Amino acid sequence: MLQLSDADREKVSAAIAAAEANSNGEIVAVATPISDPYHDVGLHWALIPLFAVLAWAAWRPSALIWWYDFLFGGWQADPTLSQLLTLLMVFAALKFTVALLIMKWMPLRIALTPVVTKHRRVRRRAVAIFKSAAERRTTGRTGILIYLSMAERRAEIIGDEAITKVTTPETWGDAMAALLVEVKQGRVGDGIVAAVERVGTVLAEHFPRSEGDINEIPDKLIEL
């Protein structure tokens, strides 16, 4: 799992302060270990071996009889349908339980989560955090969130009302690329700093600092 050091936190705080020195914008940087537990993904993958056992029994019912004789041979020569179905239920339950336990290992669960699902969950969490941490918390509606979800290695940049009027999602392409390049190399702090610098450049262009501008949101990295 990616980690942030005290030096990373200090670098990010300094970068936010430097970026805001040239703009009326307020940058909120948030990093979280993971955006969603993906319990449903683990459950879906665990269902695959369960249905595979049922399909196997339907395809080769004689194999189920062989297993019954192997496990309980000598007790009863000809197992009843009820006994065979009970054995099948036990096999299916065992397969499901083992698969579910394996899927509790988060790195595997993340690796097996579809890209679209990860993108959607990260985006949803970022929007929720933006609404509580940055949206309409500045006088000029110039707050912007840089959100990094480390397990998924995905990021989102979301701007307040005044920012979205003069920018598009493509505006933040360089900032996103700079962030993720560093994160994929394990340099989380450097990635966030790089994104802050590029976001600061855009904010300074559209919202140059005016006299009397005050710091409305603390210049620090928020870790969830």
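Refer to the structure above for everything that follows.
None of these values were measured; they are calculated from a predicted model.

### Quick notes on the sheet that holds strand β4 (residues 221-223)
- Pairing in this open sheet of 4 strands is mixed, and the strands run β3-β2-β1-β4 from one edge to the other. The sheet terminates laterally at β3 (154-159) and β4, the two strands that pair on one side only. If you compare each strand with its neighbour and ignore which way they point, the axes differ by 20° on average.
- Sheet topology note: the strand β1 (residues 26-32)/β4 ladder contains 3 bridges and is parallel. Within the sheet, the bridge partner assigned to alanine 29 lies in β4 and is leucine 221.
- On top of the sheet, helix α6 (residues 115-133) reaches β1, β2 (143-149) and β3; it is set at about 40° to β3, its chief contact.

### Let's talk about a nonpolar patch on the surface
- On the surface, a nonpolar cluster with roughly 450 Å² of combined accessible area is contributed by Trp66, Trp67, Phe70 and Leu71.
- With respect to the helices, strands and loops of the structure, leucine 71 is situated in helix α3 (residues 61-72).
- Leucine 71 sits in the partly exposed class, given a relative accessible area of 42%.

### Re the packing of helix α2 (residues 39-59) against α3
- At a minimum axis distance of 4 Å, the contact between α2 and α3 shows a crossing angle of 100°. Classified by the angle their axes make, α2 and α3 are roughly perpendicular. Every residue of α3 that contacts α2 at Trp56, Ala57, Ala58 and Trp59 is listed here: Pro61, Ala63, Leu64 and Trp67.
- Within the contact of α2 with α3, the residues separate by chemical class into 8 nonpolar, no polar and no charged.

### Quick word on helix α1 (residues 6-20)
- Between its first and last C-alpha atoms α1 spans 21 Å; for 15 residues at 1.5 Å apiece the expected length is 21 Å, and the two agree.
- Among all positions in α1, only Asp8, Val12, Ala15, Ile16, Ala19 and Glu20 are buried. One face of α1 carries all of its buried residues, which in axial projection span an arc of 120°. In α1, the exposed positions angled more than 90 degrees off the buried face are occupied by Asp6 and Glu10.
- Against the buried residues of α1 lie β1, α9 (188-206) and β4.

### Focus on the side chain of serine 23
- With respect to the helices, strands and loops of the structure, serine 23 is situated in the loop between α1 and β1.
- At 2.8 Å, the side chain of serine 23 forms a polar contact with the backbone nitrogen of glycine 25.
- Residues within four places of serine 23 in sequence aside, it is in contact with Leu203, Ala204, Phe207, Pro208, Arg209 and Asp213.

Quick notes on the rules
Residues numbered from 1 in each chain as written. Predicted model: local features only at pLDDT ≥ 70, side-chain atom pairs only at ≥ 80, totals over all residues. Heavy atoms only, no water. Pairing = 2+ DSSP bridges. Helix = DSSP H or I, 4+ residues; strand = E, 2+ residues; numbered from the N terminus. Axes fitted to C-alpha atoms, helices over the stretch in contact; angles between N-to-C directions. Contact = heavy atoms within 4.5 Å. Patch = residues over 30% accessible without salt bridge, like charges linked within 9 Å, V, L, I, M, F, W, Y side chains within 5 Å. Areas by Shrake-Rupley, 256 points an atom, 1.4 Å probe, with all protein chains shown as cover. Salt bridge = Lys/Arg side-chain N within 4 Å of Asp/Glu carboxyl O. Buried < 20%, exposed > 50% of the residue type's maximum accessible area, 1.4 Å probe, protein only. Parallel < 35°, antiparallel > 145°, perpendicular 65-115°, else oblique. Nonpolar A, V, L, I, M, F, W, Y, C, P; charged D, E, K, R; others polar. Expected span 1.5 Å × (residues − 1). Arc of directions from axis to C-beta. Polar contact = N/O pair within 3.5 Å; in protein donor to acceptor, adjacent residues only side chain to side chain.

Just distances and angles here, no functional claims.
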